[in-house]
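The chain contents come next:
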Amino acid sequence: MARGRIRARLRLSQLYTFACLRPALDEVEGSVAPGHTRLVYCNQPRMHRKKPLNYRANYISTTKYNFFSFFPKALFEQFNRVANIYFLIAALLSLTPLSPFTPVSMLLPLAIVVGVSMAKEALEDWRRFMQDKEVNARKVCVHKGDGVFGYRPWEKIRVGDVVKVEKNQFFPADLLFLSSSYEDGICYVETMNLDGETNLKVKRSLEATSSLDDDDSFKNFTGTIKCEDPNPSLYTFVGNIEYDRQVYAIDPSQILLRDSKLRNTTFVYGVVVFTGHDSKVMQNSTTSPSKRSRIEKQMDKIIFILFAILLTISVMSSIGFAVKMKFQVPDWWYLKPNDTDAYFNPSKPLLPGLAHLVTALILYGYLIPISLYLSIEVVKFLQAIFINQDIHMYDEESGIPSQARTSNLNEELGQVDTILSDKTGTLTCNQMDFLKCSIAGTAYGVRSSEVELACAQQMAMDLEDENEDILSVPKHKNITSEIELETVITSKDEKESKRVIKGFSFEDSRLMEGNWLREPNVGVISLFFRILAVCHTAIPELNEETGDVTYEAESPDEGAFLVAAREFGFEFCKRTQSSVFIREIYHSSGQPTQREYKILNLLDFTSKRKRMSVIVRDEDGQIILFCKGADSIIFDRLSKNGRMYEEVTTRHLNEYGEAGLRTLALAYRKLDESEYTSWNHEFLKAKTSIAADREIMLERISDMMEKDLILVGATAVEDKLQKGVPQCIDKLAQAGLKIWVLTGDKMETAINIGFACSLLRQGMKQICITALNSDAIAQDAKQVIKENILNQITNASQMIKLEKDPHAAFALIIDGKTLTYALEDDLKLHFLGLAVDCASVICCRVSPKQKALVTRLVKEGTGKTTLAVGDGANDVGMIQEADIGVGISGVEGMQAVMASDFSIAQFRFLERLLVVHGHWCYKRIAQMICYFFYKNIAFGLTLFYFEAFAGFSGQSVYDDWYMLSFNVVLTALPVISLGVFEQDVSSEICLQFPALYQQGPKNLFFDWVRIFGWIGNGVYASLIIFILNIIIFYDQAFCPEGQTADMAVVGATMFTCIIWVVNVQIALTISHFTWIQHLFIWGSIATWYLFLLLYGMASPTISGNSYQILVEALAPAPIFWTTTLLVTVTCNIVYFTHVSFQRCIKPMDHHVIQEIKYYKKDVEDRHMWTRERSKARQETKIGFTARVEAKMRHLRVKLHRKTSTLAEKPVATPLNESP
């Protein structure tokens, strides 16, 4: 192992931003607070394997089962299903003499159903296990002793180990940061998997250990850490380390958390504090839950209903049997009434009646379809394959397809009401593009934002299709120009092929290639560029191969500013401890020149300050303060003579905001030497203070300097969303889905993203719920804060109720600190009530645990289906808590995918996953289950009718082999084809008519009306089948010789009618036929005749009364064929009439679309097709559509005012002459 070490000359801790992270060497006691009992012996991992420590290993598992728990837990899940419990009891009873069937015929189907389901669960959990194995097998460099480091799998790491993590590696456990390749112990960490943020965090090691600079340094290294016990708090850490006979305090800035990533640092050394499931990221995760869909839960209720029916008719059969035995059997001498036993005793009918109850329960068991669960498992498995194979959800860039990691929840995809989404990596690419700017009151930048382009396209369509009344207005020249001004016009330059520059999408020839030197206000423009190039905390990195300079910035927009400054000719090229160097390419002298700006002070950006300033001394000795921040903050700090461009800049900022861009205002102030010296003295005094109010003092002193500013201009950057995100959100909103954003980002970032993806828009009223500062409150602080939050929630709810504008939209924005109180039992329902009333909800600065708690609140509070989508380890909790968890297969880790139910490569694929596959799967499963109950009721009740007709004898009218083949062979494939291939409309229509999706959340195809309708249809069919067959065959001649039909003939004919009725019924149910469905339906009918032929050809010892029944008895008899035809038509005519009436009188949405497509009106009458598409959108207040509609309303108002003004102008006409 090389012992070389990179010495970074730059000591970043000299900057104010990083100096705040320097740990204060306070006087610390040798112990920590009570309850913090963890002891870590550094470089002595074996000490922790003994009691009482015995800390966890670093092995992690996200599986539902393990080797020992699989069978008991999987069996428990299987017998959570009501039908399986019934069939288990029935199978056990089949071992008794009371069973009308053999034990094998009852036990084998149950074993197959349960076994296949358990095998499917095992396969899905095996995939999770293999992904866990991949993570646990990652290698990291660990100290083995005597200063020698070697690679070891993550799962072998123990508490106390010293590890060496290299650049771009993930941290294998929670580490105490000891030293790094930088001289003063700085390292860069990306915490995307923890809080969703991609901007790099700066961590600083302990001063005392920063000298441990190579492998040999750890040869004799020892120390003792006393710290807090494992907990889920990502942002806190309490503890100390005893090292070299000194005790040093440890704070969160020295902790490197598992699953965060080392960036821009060659290596770091750290000692393992928390391992495996004790690490903070794993503490934030929850156990893999066992999820069941709403349809499956409702199906259990139907099973209970059928079981009640089964019990009722069994009791009726038992009573009938006892009555018959008591009063009629003594007269039936051929039954030998005197030959009695326990189950046949006319003198004591009670016991035989009870015994017959058991027989009846088993005999009528076909009412409860045991093969239903197996058929559903098969159908869901095949549906999952179709989801996995969907080419439209395959990401070509990454080569990642969609994946249904569990098929249990396919139909749940079609019933989602609320989506809870992470922001970073899910909605955004974490890429900012400099797009527009306003300098000295002049707007620059001609390229349109994604929001503007989409709005222009939609407005053009709407103006063409819907605004004929507007077009009929006389086209005055100034009205036409007004419309043109409101419509985004793409510049000619956009059509030209240009070099793609990451972070820079600006186009305007007035500023590019040094042309800004010919603009008026050249001095202000150059000052604008200098502010971009100087006011930041970024570090330049030179790529030795290409010679290009890249920037490591704390935020993506800061990086975009530096790229923009470089493209404008002001390249930030170098930073030292005290200076930044700018290479000005387009200098007035005509030659590139390098300028040095000495950094005097850096006033960092915080969410409270909403601004950042840097105080520099230029080469002329002038002290200047450069400031950038939110326009509202900057404008309040402008001097009287610094407001020259305020009005026009404000207008530009509003336009940029409407275009979905993130804006900042730029200003400066020149300082006198004496003024600065006096202020700096106070600033240094506050910075070195160790008082509790240190931050407040720093903020107050910073405010003293950041005043009397002079406005220079404003920037507008576009937060690049992932491809298709705005369109996806718009489509989901049109489908009636609510979207919440839960992010670890600061509030300003989340709000800007909300604007970019149209969850927020101009004119939407923002409700910000914030908590009071607890430091400013005396006793009972928590109660006071909660009362204040409740008051804010109540006032906001009242404001929404009193709002009279039907187009008014509200957005709720809340941070993690406030959410801590809002999620408590006495406030959470008030918070949820307000959130549900708002069009969009954004929760900022939330921890992974809070994401899960918010998800649980929405799920349990609304009682509707929730879907959580995220891409990092910080999203695992909410993914597992939601009814459906969707993981994004991002570039940073696979923790979210491993915990998810479905995985996709990009957020945009969520549109197709829900609107297409969700819609299809819901309707398929719903129709399949309803049909399954229908066919089993139609078949099972005929057994009851015949038994009652035969004196409650327990006699079945059907051969045993008929009944065994009914569900397994003769009706299995058609119902599977219904669940796999049925489409009410095509995928293109699903996307064009998103309102169709609401059929799922409204549960139109599996509500109790439809369920009881199908049950009633089954009862009707069973009655018709039995009654018509009995009437026809009871006293009619069956053969030419005049013989009547025996029980075998009646049973075979009745069963033939059932096969025809249920297969014709499914043919009437299916909307979309393929050759497979035709093969399965008509093939099932043909299979019945083939089975009857072959079974009849078997030996009489096997076929019994069915010997040669088809060839000799049924086929030659015309009454057999006419009865089959009559019964089939009579049974299905009612359903056919119902469907015809519904389509003609009260059609559903998909019926209308099917008619339009059938008659090709979508091709012949495009205007009608467009009109129907515009109707097929749920009314929404978020998304591009809502944004465009709001802009259209604004345009109509302006247009109306313009036409009114023109109409009111007096027109000069000749005076009428009097007669």
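How each quantity is defined
Residues numbered from 1 in each chain as written. Predicted model: local features only at pLDDT ≥ 70, side-chain atom pairs only at ≥ 80, totals over all residues. Heavy atoms only, no water. Pairing = 2+ DSSP bridges. Helix = DSSP H or I, 4+ residues; strand = E, 2+ residues; numbered from the N terminus. Patch = residues over 30% accessible without salt bridge, like charges linked within 9 Å, V, L, I, M, F, W, Y side chains within 5 Å. Areas by Shrake-Rupley, 256 points an atom, 1.4 Å probe, with all protein chains shown as cover. Salt bridge = Lys/Arg side-chain N within 4 Å of Asp/Glu carboxyl O. Axes fitted to C-alpha atoms, helices over the stretch in contact; angles between N-to-C directions. Parallel < 35°, antiparallel > 145°, perpendicular 65-115°, else oblique. Left-handed = near helix turned anticlockwise from the far one by under 90°. Contact = heavy atoms within 4.5 Å. Nonpolar A, V, L, I, M, F, W, Y, C, P; charged D, E, K, R; others polar. Buried < 20%, exposed > 50% of the residue type's maximum accessible area, 1.4 Å probe, protein only. pLDDT = per-residue confidence, 0-100. Polar contact = N/O pair within 3.5 Å; in protein donor to acceptor, adjacent residues only side chain to side chain. Phe/Tyr/Trp six-rings, centres within 6.5 Å; stacked < 30°, edge-to-face > 60°. Lys NZ or Arg CZ within 6 Å of the ring centre and 35° of its normal. Core = buried A, V, L, I, M, F, W, Y, C linked by side-chain atoms within 4.5 Å.

1. A closer look at the pairing of strand S22 (residues 593–603)
Here's step 1: Both strand S21 (residues 579–584) and S22 contribute to a ladder of six bridges, which runs antiparallel. Pairing of Val580 across the sheet is with Tyr597, part of S22.

2. What about a nonpolar patch on the surface?
Here's step 1: A surface patch of nonpolar side chains, about 510 Å² in accessible area, is lined by Phe307, Leu311, Val315, Ile319, Val323 and Phe327.
Here's step 2: In this structure, Leu311 sits in helix H7 (residues 294–327).

3. Quick word on the packing of helix H28 (residues 960–970) against helix H32 (residues 1047–1069)
Two numbers describe a pair of packed helices, the interaxial angle and the distance between the axes.
Here's step 1: Closest axis-to-axis distance for the H28/H32 pair is 12 Å, and the angle between their directions is 15°. Considered as vectors, H28 and H32 are oriented roughly parallel to each other. Note on packing geometry: the crossing formed by H28 with H32 is right-handed. Here Tyr962, Phe966 and Leu970 of H28 lie close against H32, whose contacting residues are Ala1052, Phe1055, Ile1058, Ile1059 and Asn1063.
Here's step 2: Its residues placed into classes, the contact of H28 with H32 shows seven nonpolar, one polar and no charged.

4. A short note on the sheet that holds strand S1 (residues 38–42)
Here's step 1: Here we have four strands laid out as an open sheet, ordered S1-S8-S9-S10, and antiparallel in their pairing. A strand with exactly one partner marks an edge of an open sheet, and here the two such strands are S1 and strand S10 (246–250). Strand-to-strand twist in this sheet, taken as the mean axis angle between neighbours without regard to direction, amounts to 20°.
Here's step 2: With four bridges connecting them, strand S8 (residues 223–227) and strand S9 (residues 239–243) associate as antiparallel partners. When the bridges of S9 are listed, Lys226 appears paired with Asn240.

5. Thoughts on the sheet that holds strand S4 (residues 162–166)
Here's step 1: Ordered by their spatial adjacency, six strands build an open sheet running S3-S2-S4-S13-S5-S11, and the pairing between neighbours is antiparallel. Two strands in the sheet have a free side with no partner beyond their single neighbour: strand S3 (148–153) and strand S11 (255–256).
Here's step 2: Bridge analysis of strand S2 (residues 139–145) against S3 gives six bridges, and the strand direction is antiparallel. Note that in S3 the partner of Gly145 across the bridge is Val148.

6. With respect to the pattern of salt bridges
Here's step 1: The final tally for this structure, using the stated rule, is 40 salt bridges.
Here's step 2: We note a salt bridge from Arg912 to Asp390, for which the minimum N-O separation is 2.6 Å. Taken together, the residues span a long stretch of sequence, with Arg912 in helix H27 (residues 909–949) and Asp390 in the loop between helix H9 (371–388) and strand S14 (403–404) at a distance of 522 residues. Neither residue differs from the other here; Arg912 and Asp390 are each classed as buried.
Here's step 3: Its salt-bridge partner being Lys828, residue Asp825 comes within 3.4 Å of it at the nearest N-O pair.
Here's step 4: In this structure, a network of salt bridges that share partners links the residues Arg530, Glu584, Arg595 and Glu619.

7. Describing the confidence of the model for the protein chain
Here's step 1: Averaged over the protein chain, the pLDDT score is 80; the fraction of residues at 70 or greater is 84%.
Here's step 2: Under a pLDDT of 50 for its full length, residues 1–34 has, in the predicted model, 85 contacts with residues more than four places off or in other chains.
Here's step 3: Across residues 1211–1219, confidence stays below pLDDT 50; counting only partners more than four residues off in sequence or on other chains, it has zero contacts.

8. Observations regarding H28
Here's step 1: All buried positions along H28 are accounted for by Tyr962, Met963, Ser965, Phe966, Asn967 and Leu970.
Here's step 2: Contacts made by the buried residues of H28 are with H9, H27, helix H29 (972–981), H32, helix H33 (1075–1097) and helix H35 (1109–1114).
Here's step 3: With a side-chain oxygen lying 2.8 Å from the backbone nitrogen of Trp961, the N-terminal cap of H28 falls on Asp959.

9. Brief notes about the pairing of strand S31 (residues 865–870)
Here's step 1: The buried fraction of S31 is high, at six of six residues.
Here's step 2: Side chains Thr865, Leu867 and Val869 of S31 all project onto a buried face; the interleaved residues Thr866, Ala868 and Gly870 project onto the opposite face, where all are buried too.
Here's step 3: In the sheet, strand S15 (residues 416–421) pairs with S31 via five bridges, with the strands oriented parallel. When the bridges of S31 are listed, Leu420 appears paired with Ala868.
Here's step 4: In the sheet, S31 pairs with strand S32 (residues 884–888) via four bridges, with the strands oriented parallel. The residue of S32 that forms the bridge with Leu867 is Ile884.

10. A short note on the packing of helix H21 (residues 781–802) against helix H23 (residues 828–837)
Here's step 1: Between H21 and H23, the shortest axis-to-axis distance is 10 Å and the interhelical angle comes to 30°. Where H21 crosses over H23, the two elements pack in a sense that is left-handed. Within the contact between the two elements, H21 uses Leu790, Ile793, Ala796, Ser797 and Ile800 and H23 uses His830, Phe831, Leu834 and Asp837.
Here's step 2: Its residues assigned to classes, the contact of H21 with H23 shows six nonpolar, two polar and one charged.

11. A few points about the side chain of Ser579
Here's step 1: Structurally, Ser579 is set in strand S21.
Here's step 2: At 2.7 Å, the side chain of Ser579 and the side chain of Glu596 are in polar contact.
Here's step 3: Setting aside residues up to four positions removed in sequence, Ser579 forms contacts with Lys574, Glu596, Tyr597, Lys598 and Ile599.

12. Side note on the packing of aromatic side chains
Here's step 1: Within the structure shown, the criterion is met by 51 aromatic pairs.
Here's step 2: For the ring pair Tyr65 and Phe70, a centre distance of 5.3 Å and an interplane angle of 85° mean the geometry is edge-to-face. Each member of the pair, Tyr65 as well as Phe70, carries the same accessibility label: buried.
Here's step 3: Every member of this aromatic cluster is reached through a ring pair, and the members are Phe434, Phe504, Phe506, Trp516, Phe528, Phe529, Phe561, Phe568 and Phe570.
Here's step 4: Against the face of Tyr55 rests Arg38, its NZ or CZ located 3.9 Å from the ring centre.
Here's step 5: For Lys574, the ring lying beneath its charged end belongs to Phe581, and the centroid distance is 5.1 Å.

13. Quick word on the nonpolar core
Here's step 1: Among the nonpolar cores identified, the biggest contains 111 residues, and Ile929, Tyr958, Tyr962, Phe1006, Phe1038, Phe1055 and Leu1114 are the most heavily contacted of them.
Here's step 2: Once residues within four sequence positions are removed from consideration, Phe1038 is found in contact with Phe1033, Gln1043, Thr1044, Ala1045, Val1049, Ala1113, Leu1114, Ala1117 and Ile1119.

14. Section: unusual backbone geometry
Here's step 1: The backbone of Asn168 shows a phi angle near 70°, a positive value even though the residue is not glycine.
Here's step 2: Relative to the elements of secondary structure, Asn168 occurs in the loop between S4 and strand S5 (174–180).
Here's step 3: Classification of Asn168 as partly exposed rests on a relative accessible area of 41%.
Here's step 4: Residues other than glycine seldom take positive phi values, yet Glu513 does so here, at roughly 55°.
Here's step 5: Structurally, Glu513 is set in the loop between helix H12 (477–486) and helix H13 (522–534).

15. Quick notes on the environment of Pro726
Here's step 1: Tracing the backbone through its elements, the reader meets Pro726 in helix H19 (residues 725–734).
Here's step 2: When its relative accessible area of 3% is taken as the criterion, Pro726 is described as buried.
Here's step 3: Spatially, the C-alpha atoms of Pro726 and Glu450 are 8.6 Å apart, while their sequence positions differ by 276 residues.

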